[in-house]
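Per-entry structural report
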Amino acid sequence: KNEVEQSPQNLTAQEGEFITINCSYSVGISALHWLQQHPGGGIVSLFMLSSGKKKHGRLIATINIQEKHSSLHITASHPRDSAVYICAVAIIQGAQKLVFGQGTRLTINP
Amino acid sequence: DTAVSQTPKYLVTQMGNDKSIKCEQNLGHDTMYWYKQDSKKFLKIMFSYNNKELIINETVPNRFSPKSPDKAHLNLHINSLELGDSAVYFCASSREGHVNSKPTSGNTIYFGEGSWLTVV
């Protein structure tokens, strides 16, 4: 079993819908990253957080350290949000290692 | 200007060949990484360097040899390519030396565009 599990693996929604992608992890972490990978392949860092909540535009990321769980929300979703969203955790022991979830493929239909 | 650039973007080569992928970052970051994304789109770390010093070598075969001539460059050389090496290889960098430190803007990780390697 992977140390980082995301759900759902695939998500299709209509434009305007509120989107939630979940990430659960089983190891001690110092930070959690949400990344976005577009169909062209490039990867962009969306958020890095270790507690609470962060907001950037229509994107909101939350984390509950006690429950080892994080969510990424997208409000008023748009077709340009279609991408693979990847959760990654920075392992608390060792150096400079990120462990990735398998990704959630999001498709927003117009 | 591209922050993290890697070349080539696409590479098709025969089994047994030796190839290199180059990576450069113009962000002044201390730490650089190589990640491999397999056919199932799963990302895994291969190597990380901090100021030209190898920090992580994540059970990667000896055929893979990273080289960091300076902290702005981290190249990946692959000997005797095998079919299973076909994947997308991502270079990345972060300013601070430890991705697993407390999150600050310096620990944001920046990825290159990826290099699609196909071994035939």
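Coordinates for the structure precede this section.
In what follows, the accompanying structure is described. (Residues numbered from 1 in each chain as written. Chains lettered and ligands numbered in written order. Predicted model: local features only at pLDDT ≥ 70, side-chain atom pairs only at ≥ 80, totals over all residues. Heavy atoms only, no water.)

Structural notes on the overall build of chain A
Helix and strand counts for chain A stand at 0 helices and 11 strands. Listed by position from the N terminus, the elements making up chain A come as β-β-β-β-β-β-β-β-β-β-β. Here chain A has a C-alpha radius of gyration of 13 Å; the compact-globule value for 110 residues is 13 Å, and the two agree. Its C-alpha atoms put chain A at 45 × 25 × 20 Å along the principal axes. Counting all 110 residues of chain A, 49% fall into the buried class. Of the contacts formed within chain A by residues at least 6 apart in sequence, a portion of 55% connects residues at least 24 apart. Surface accessibility of chain A: about 4,900 Å² in total, with carbon and sulfur atoms responsible for 50%. When the 9 positive and 6 negative side-chain charges of chain A are each reduced to one mean point, those points stand 7 Å apart. (Helix = DSSP H or I, 4+ residues; strand = E, 2+ residues; numbered from the N terminus. Rg over C-alpha atoms; globule rule 2.2 N^0.38 Å. Buried < 20%, exposed > 50% of the residue type's maximum accessible area, 1.4 Å probe, protein only. Contact = heavy atoms within 4.5 Å. Areas by Shrake-Rupley, 256 points an atom, 1.4 Å probe, with all protein chains shown as cover. Lys, Arg positive; Asp, Glu negative; His and termini not counted. Charge placed at Lys NZ, Arg CZ, Asp CG, Glu CD.)

Comments concerning the nonpolar core
All names here are of chain A. The biggest cluster of nonpolar side chains holds 25 residues, and the ones touching the most others in it are Leu32, Trp34 and Val89. Residue assignment for this core shows that the elements contributing at least two residues are strand E3 (19–25), strand E4 (29–37), strand E5 (43–49), strand E7 (59–64), strand E8 (69–74), strand E9 (83–91) and strand E11 (104–109). The element contributing the most residues to this core is E9, with 5 residues. Once you skip the residues sitting within four places of it in the chain, leucine 32 turns out to touch Cys23, Tyr25, Phe47, Met48, Leu49, Ile63, Ser70, Cys87, Ala88 and Val89. (Core = buried A, V, L, I, M, F, W, Y, C linked by side-chain atoms within 4.5 Å.)

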